[in-house]
Amino acid sequence: METAVTRLETMFQKAESDLDYIQHRLEFEIMKSLPDNPAAEENPFALLEELSVLKSRYKTLCMQLEKIFIEQRDSMKGIRAALENTMKMVQALQQHADLERLPLSEEEQTAAQRLTCQTVKEMESLVEQPFSSGSTVPGSAEEQH
């Protein structure tokens with residue numbers, strides 16, 4: 001059993017060594033084929049570094065956007081609840097004071113309908129998750145998981 005483990009470790013070390021050699025050889029070949037002082041646009045290593053930085057920034061922006069979305073959703077939920085409570089209190093006060101309950105104006109009816117529609121859409125969107133932890137960049141490694 002111990003010899004099998006040792007053999008596996010040796011195989012992994014050789015594979016790692018082979019990959020290191022391939023990487024260094026590839027870097028050497030690329031550097032050999034590039035002009036002496038290539039522009040950043042022509043240097044694949046610089047482009048790869050920039051791509052890595054951009055991926056990191058993209059992930060950070062996605063996380064910030066998700067936080068903003070959640071805060072916006074919670075704020076809108078609070079505003080809708082406060083508005084709905086205010087409307088109910090006004091109606092209750094009108095009934096309590098024996099005031100004639102005037103029908104809602106066209107503008108008020110439209111606002112009430114929008115509030116109801118938005119609340120329904122909000123509840124439906126809570127079931128779905130708008131963001132995923134993986135990347136949404138087409139062809140990225142995270143997207144394929």
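To keep things clear, this report deals only with the structure shown in the data block.

### A closer look at the overall build of the chain
Turning to step 1, where the next piece is worked out: Helix and strand content of the chain: three helices and zero strands.
Turning to step 2, where the next piece is worked out: For the chain, the succession of helices and strands along the chain, N to C, is α-α-α.
Turning to step 3, where the next piece is worked out: Counting the 145 residues in the chain, one finds 7% classified as buried.
Turning to step 4, where the next piece is worked out: Counting contacts in the chain only where the partners sit at least 6 residues apart, residues at least 24 apart contribute 47% of the total.
Turning to step 5, where the next piece is worked out: For the chain, the exposed surface amounts to about 12,900 Å²; the carbon and sulfur share of it is 59%.

### Some words on helix α2 (residues 44–96)
Turning to step 1, where the next piece is worked out: With 53 residues, α2 ought to run about 78 Å at 1.5 Å a step, and its terminal C-alpha atoms sit 76 Å apart, in line with that.
Turning to step 2, where the next piece is worked out: Turning to α2, its buried residues number three or more, namely Ala 46, Arg 73 and Arg 80.
Turning to step 3, where the next piece is worked out: Positive backbone phi, at 55 degrees, marks Asp 98, one or two positions downstream of α2.

### Observations concerning the pattern of salt bridges
Turning to step 1, where the next piece is worked out: For the structure shown, the criterion picks out four salt bridges.
Turning to step 2, where the next piece is worked out: With a closest N to O distance of 3.2 Å, Arg 25 and Glu 29 form a salt bridge. A residue pair is termed a helical-turn pair when its members lie 3 or 4 positions apart in one helix, as Arg 25 and Glu 29 do in helix α1 (residues 2–33) at four residues.
Turning to step 3, where the next piece is worked out: Of the residues examined, Glu 29 reaches a relative accessible area of 29% and is grouped as partly exposed.
Turning to step 4, where the next piece is worked out: A salt bridge links Glu 84 to Lys 88; the shortest N-O distance between them is 3.5 Å. Of this pair, Glu 84 and Lys 88 both sit in helix α2, four residues apart, roughly one helical turn.
Turning to step 5, where the next piece is worked out: Look at Lys 88 and you get partly exposed, because its relative accessible area is 48%.

### Quick look at a nonpolar patch on the surface
Turning to step 1, where the next piece is worked out: Taken together, Leu 8, Met 11 and Phe 12 make up a surface patch of nonpolar side chains, about 350 Å² in accessible area.
Turning to step 2, where the next piece is worked out: For Phe 12, the position within the fold is in helix α1.

Rules used throughout
Residues numbered from 1 in each chain as written. Predicted model: local features only at pLDDT ≥ 70, side-chain atom pairs only at ≥ 80, totals over all residues. Heavy atoms only, no water. Helix = DSSP H or I, 4+ residues; strand = E, 2+ residues; numbered from the N terminus. Buried < 20%, exposed > 50% of the residue type's maximum accessible area, 1.4 Å probe, protein only. Contact = heavy atoms within 4.5 Å. Areas by Shrake-Rupley, 256 points an atom, 1.4 Å probe, with all protein chains shown as cover. Expected span 1.5 Å × (residues − 1). Salt bridge = Lys/Arg side-chain N within 4 Å of Asp/Glu carboxyl O. Patch = residues over 30% accessible without salt bridge, like charges linked within 9 Å, V, L, I, M, F, W, Y side chains within 5 Å.

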